[in-house]
Amino acid sequence: MAKLLRSLSFIDEKSVQPPKDFIYTGTELIPKPDDFHKEVDESIDCSGLMASRGWVDLRCFTAEPGEEHKESLESLDSLLKTSGFTKTVLMPNTHPVIQTKNEIQFLKSKTTHWITDLIINAAATKDCKGEDFTDILDLHHQDVRIFGDGLNPLSNPDRLMKVLQYLQKFDGVLFDHAYEPLLALFGQMHEGEVSTRIGMKGIPNIAEDIAVQKNLEILRYTGGRLHFQTLSTASAVERIRIAKREGLQVSADVSLYQLLFTDEDLTDFDSNFKVLPPFRGQKERAALIEGLKDGTIDAIVSNHQPQDFDAKHMEFDLAQSGMIGLQTFLPGLISLSDEMGWPLLIEKITTGPLKVLGQVEKAVAQITIFDPNETWTYDKKSNLSISANHPWIGSTLKGKVKYLINKKQFVKI
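Residues numbered from 1 in each chain as written. Predicted model: local features only at pLDDT ≥ 70, side-chain atom pairs only at ≥ 80, totals over all residues. Heavy atoms only, no water.

**Q** How would you summarise unusual backbone geometry if you had to cite specific residues and measurements?
**A** Put simply, His95 and Pro96 share a cis peptide bond, and its omega is 5°. Of note, Pro96 is situated in the loop between strand E7 (85-90) and helix H2 (101-111). That bond from Leu276 to Pro277 is cis: its omega, 0°, falls within 30 degrees of zero. Along the chain, the position of Pro277 falls in the loop between strand E14 (250-255) and helix H8 (282-293). We note that Asp143 has phi near 70°; this positive angle belongs to a residue other than glycine. Among the secondary structure elements, Asp143 is positioned in the loop between helix H3 (136-140) and strand E9 (146-147). (Helix = DSSP H or I, 4+ residues; strand = E, 2+ residues; numbered from the N terminus.)

**Q** Tell me about the packing of aromatic side chains, and name the residues and values.
**A** Tallied over the full model, the rule gives 16 aromatic pairs. Between the aromatic rings of Phe85 and Phe329, the centroid separation amounts to 5.1 Å while the plane-to-plane angle is 65°, which identifies the pairing as edge-to-face. Note that Phe85 is positioned in strand E7 and Phe329 in helix H10 (residues 329-340), a separation of 244 residues in sequence. For the pair formed by Phe85 and Phe329, the shared burial category is buried. Of the aromatic side chains, those joined through ring pairs into one cluster are Trp55, Phe85, Phe329, Trp342 and Phe370. (Phe/Tyr/Trp six-rings, centres within 6.5 Å; stacked < 30°, edge-to-face > 60°. Buried < 20%, exposed > 50% of the residue type's maximum accessible area, 1.4 Å probe, protein only.)

**Q** So what about the environment of Leu288? Which residues, and what values?
**A** Here Leu288 lies in helix H8. When its relative accessible area of 1% is taken as the criterion, Leu288 is described as buried. Once the C-alpha coordinates of Leu288 and Leu248 are considered, the two residues, 40 residues apart in sequence, prove to be 20 Å apart. Setting aside chain neighbours within four positions, we find Leu288 in contact with Leu231, Ser232, Thr233, Val237, Val254, Gln258, Leu259 and Ile297. (Contact = heavy atoms within 4.5 Å.)

**Q** Explain the packing of helix H6 (residues 206-222) against helix H7 (residues 234-245) residue by residue, including any values.
**A** Remark: H6 packs on H7, axes separated minimally by 8 Å, with the N-to-C direction vectors making an angle of 15°. Between H6 and H7, the angle is such that the two are roughly parallel. Pair H6 / H7 crosses with right-handed handedness. For the pair formed by H6 and H7, the contact residues are Glu208, Asp209, Val212, Gln213 and Leu216 on the first element and Ser235, Ala236, Arg239, Ile240 and Ala243 on the second. Of the residues belonging to the contact of H6 with H7, the class tally is five nonpolar, two polar and three charged. (Axes fitted to C-alpha atoms, helices over the stretch in contact; angles between N-to-C directions. Parallel < 35°, antiparallel > 145°, perpendicular 65-115°, else oblique. Left-handed = near helix turned anticlockwise from the far one by under 90°. Nonpolar A, V, L, I, M, F, W, Y, C, P; charged D, E, K, R; others polar.)

**Q** Help me get a handle on the pattern of salt bridges, residues and values and all.
**A** Opposite charge on two side chains permits them to pair, given that their charged atoms come into close proximity. With the rule as written, the count across this model stands at 19 salt bridges. Two residues, Asp117 and Lys87, come together in a salt bridge whose shortest N-O distance is 3.2 Å. Placement of Asp117 in strand E8 (residues 117-122) and of Lys87 in strand E7 is noted, with a sequence separation of 30 residues between them. For the pair Asp117 and Lys87, a shared accessibility class is recorded, and that class is buried. For Lys348, the salt bridge identified is with Glu347, shortest N-O distance 3.9 Å. What emerges from the salt-bridge pattern is a single network uniting Lys87, Asp117 and Lys407. (Salt bridge = Lys/Arg side-chain N within 4 Å of Asp/Glu carboxyl O.)

Here it is, written out as structure tokens:
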């Protein structure tokens, strides 16, 4: 199964390497040795293509079971593969919630054929309501190490403290989207000059800042591992930066689209821009990028949240939050590549999230190969998601994944 990949440019967290020839041996990707004279099964011209370790997404949603009309596991499989992801963390907010052996076994049986490795985030509390605990130790026996309530913050401090204590029995990780619900009540967008100008109820930064500080204090008291998801404020980034310096086992991620959009994009009341946490201002965006650069923020996530037509096409204050984000992930990276550089972006979707998961991969056995210059139209025909809640629908985008390597499979996209 050996393949020769000619003139391929490989990116790691340090540099974009000049094009050279690689051999895919059937198990890993290695630079072509000078004395290599064996026959290969296929020779592929990769001029203009770039490659990296396989991409890892720490926050992705499906709607199966329960709401397959928004996103099925079958459609998610196609999305992840086409978008270049070799691993994804699937959040628990389905109907029923992922919280028992039955749901775990259902997901495993439906995804065994995926080329993308599925990592399950099971609910920490029943039905993700923040009240009664799920059977955390029992779920761990189903190979689950990540717990959290996904879309819902674990805002009850007693529940957060006890979950952190439970997870230390097996080195588990608590994933939490931290914000204070009562401070965000009825909020539709970021509270600031734009929300005031257009007359929209805002969600203040303090809703996130207080929750992050509270959770860090609890972590300092209990020990354990805590991962903050989808940061959006400068103060939250700074608090986590300080906590890391103090040696707390804390990590964080940010949604890719938080780096692409700001609250200024909501002036036309397009409900596709309604997300949680909301798009903040330029100051917050700059703080998020600085947090990525200095290592405070460990990963960039898709935060892929499908919503059907009826959930989005209504008055802005009644529309559901969320944006799909898998097929647009590479075009989003490309739009940030001049500002942030490819090595940093690749680090935040490969080695960064792997460290959060506690995984170290020495051999380059999972690979994503893409064309950063190919253009395509993102429309109803090319959209592989069942949902279409993204503001770029109808736009011409740049960047296409071409090959994906995982599980000893070499797949042309």
